[in-house]
Amino acid sequence: MAVKPIPEGQHSITPYLGIKDAAKAIDFYKAAFGAVEMFRLDGPDGRVGHAELKIGDSSIMLADPCDQAGGLTSSQSLGGAAIGLHLYVEDVDARYAQAIKAGATQVSAVQDQFYGDRSGTLKDPFGNLWFVSTHKEDLTVEEIRARAAKLFAGQ
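One structure accompanies this document, and this report is about it. Note that this is a predicted model, so its numbers are computed, not measured. (Residues numbered from 1 in each chain as written. Predicted model: local features only at pLDDT ≥ 70, side-chain atom pairs only at ≥ 80, totals over all residues. Heavy atoms only, no water.)

## A look at the environment of Arg 145
Quick reminder of the rule: Strands are runs of DSSP state E lasting at least two residues, helices are runs of H or I lasting at least four, and both sets are numbered from the N terminus onward.
Along the chain, Arg 145 turns up in helix 4 (residues 141–153). Residues Arg 145 and Tyr 115, 30 residues apart in the sequence, show an inter-C-alpha distance of 8.4 Å.

Pasting the structure below:
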């Protein structure tokens, strides 16, 4: 049987995070977002060399920063978020509260958005932004643009 060029259960693109204290991040993502650890390879120094987590039907990969393979760094070392992850969930209010309880900090409160989602933004303890959303309305591009124009005209 031929080997699949994209492994079973993976998508074409997967975020890969460099996180100082990646082991603590894994525990946080489990508590905050219900992540399931699919694979983990710790280095001889105890740091995470590579890990794969599943959140819902999607994967993220992460590791402690290293100086190999182009020097994977971390949001913590940049003094700001290097990336933002968008996470769709069944109940944004409940998941947002769960993440806050697990140690995330609020960036923007959960609210209904002009583009049809109910969402809020969190920063995890490792400096990464999470846009947590539940889709509420199916809108056309024209409806979204009209709502955006109305919103921005009022500012």
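Text resumes after the structure shown.
## A short note on unusual backbone geometry
Most peptide bonds are trans, and most residues other than glycine sit at a negative phi. Rules: Think of it in three bands: residues with accessible area under 20% of the maximum for their type are buried, residues over 50% are exposed, and the middle band is partly exposed, with areas taken using a 1.4 Å probe on protein chains only.
You will see that Asp 21, though not glycine, has its phi angle at about 65°, which is positive. Take Asp 21: its relative accessible area is 44%, and that puts it in the partly exposed class.

## Structural notes on the sheet that holds strand 5 (residues 84–88)
Defined as follows: For two strands to be treated as a pair, DSSP must find no fewer than two bridges joining them. Axis lines are fitted through C-alpha atoms, for helices just across the contact stretch, and the angle between N-to-C directions can take any value from 0 to 180 degrees.
Spatially, the four strands line up as an open sheet ordered 5-8-7-6, and their pairing is mixed. Each end of this open sheet is capped by a strand with a single partner; those strands are strand 5 and strand 6 (105–112). For this sheet, the mean inter-axis angle between neighbouring strands, taken without regard to orientation, is 15°. In terms of strand pairing, strand 5 meets strand 8 (residues 129–135) through five bridges, oriented parallel. By the bridge assignment for strand 8, Tyr 88 is matched with Ser 133.

## Some thoughts on the packing of helix 1 (residues 22–33) against helix 3 (residues 92–102)
Put simply, the rule reads: The contact criterion used is simple: two residues touch if any of their non-hydrogen atoms lie within 4.5 Å. We call Asp, Glu, Lys and Arg charged. Ala, Val, Leu, Ile, Met, Phe, Trp, Tyr, Cys and Pro are nonpolar, and the rest, Gly among them, are polar.
In the contact formed by helix 1 and helix 3, the axes pass within 7 Å of each other and the chain directions differ by 145°. In this structure, helix 1 contributes Phe 28, Ala 31, Ala 32 and Phe 33 to the contact, and helix 3 contributes Arg 95, Gln 98, Ala 99 and Ala 102. Partitioning the contact of helix 1 with helix 3 into residue classes produces six nonpolar, one polar and one charged.

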